Amino acid sequence: MYRPLRSRLRRANPIVLARWLKARHIAAMKMPTTRQAALLAALVAGFALCFALASEYWGGLVPCALCLWERWPYRVAIALGAAGVLLPRKWLVALLLPTMLVAAGLAFVHVGVEQGLWPSPLPECASPLVTTGSIAERLARMPALPAKPCDEPTYLIPFLPVS
């Protein structure tokens, strides 16, 4: 005679029931394949890079030199993710972790510069020194386009810097 699951569970040993539920739950979970992980990493990095470019072109935000340096790990992650999709090797996907750690380190340095905790390590972030020489020499040493200083944070949401 068939008994409903509820009545069978009431009479079951709690330890056996816990093992059964755990085994059933774990069996239902699947780890993503190497290709899926590589594709997800490439898509997330591509989305982050597209968001930065869209906020620059349509949002009117001007990137500083540190912002431009922060984009390189995302480009590397897109390349590694695409290579991981085409050639599913676990070491290609494993290289994504140090790449994202470099991105996090650059973001940490950028936030520290914006908050005034330390000076910028890039010479492009400092304003050009034009104190001596004639006016023509001073104008020749100035950059063609004014750069955004690295120590001025940009906000899309109040009190949350973009960097």
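Residues numbered from 1 in each chain as written. Predicted model: local features only at pLDDT ≥ 70, side-chain atom pairs only at ≥ 80, totals over all residues. Heavy atoms only, no water.

(A) The environment of serine 120, seen in detail. Residue placement: serine 120 occurs in the loop between helix 7 (96-114) and helix 8 (135-141). A C-alpha to C-alpha distance of 7.8 Å links serine 120 and histidine 110, two positions ten residues apart in sequence. Aside from chain neighbours lying at most four places away, what touches serine 120 is Leu66, Val113, Cys125 and Cys150. (Helix = DSSP H or I, 4+ residues; strand = E, 2+ residues; numbered from the N terminus. Contact = heavy atoms within 4.5 Å.)

(B) Molecular detail of the packing of aromatic side chains. A complete count under the given rule lists one aromatic pair for this structure. Taking 5.5 Å as the distance between ring centres and 45° as the angle between the ring planes, the aromatic pair formed by phenylalanine 108 and tryptophan 118 counts as tilted. Here the residue phenylalanine 108 occupies a position in helix 7, and tryptophan 118 occupies one in the loop between helix 7 and helix 8, the gap between them amounting to ten residues. Owing to a relative accessible area of 58%, phenylalanine 108 belongs among the exposed residues under this scheme. Exposure remark for tryptophan 118: the relative accessible area of 31% places this residue in the partly exposed category. Its guanidinium or amino end placed over the ring of tryptophan 72, arginine 75 lies 4.6 Å from that ring's centre, counting from NZ or CZ. (Phe/Tyr/Trp six-rings, centres within 6.5 Å; stacked < 30°, edge-to-face > 60°. Buried < 20%, exposed > 50% of the residue type's maximum accessible area, 1.4 Å probe, protein only. Lys NZ or Arg CZ within 6 Å of the ring centre and 35° of its normal.)

(C) Quick look at the confidence of the model for the protein chain. Taken as a whole, the protein chain shows an average pLDDT of 79; of its residues, 73% reach a score of 70 or greater. When the elements of the protein chain are averaged for pLDDT, helix 1 (residues 5-11) gives the smallest value, 58, and helix 5 (residues 72-86) the largest, 93. (pLDDT = per-residue confidence, 0-100.)

(D) Spatial organisation of the pattern of salt bridges. All told, the structure shown has one salt bridge when counted by the stated rule. With a closest N to O distance of 3.0 Å, glutamate 56 and arginine 71 form a salt bridge. You can see glutamate 56 sitting in helix 3 (residues 34-57) and its partner arginine 71 sitting in the loop between helix 4 (65-70) and helix 5, a full 15 residues away along the chain. In this structure, glutamate 56 and arginine 71 share a single accessibility class: buried. (Salt bridge = Lys/Arg side-chain N within 4 Å of Asp/Glu carboxyl O.)

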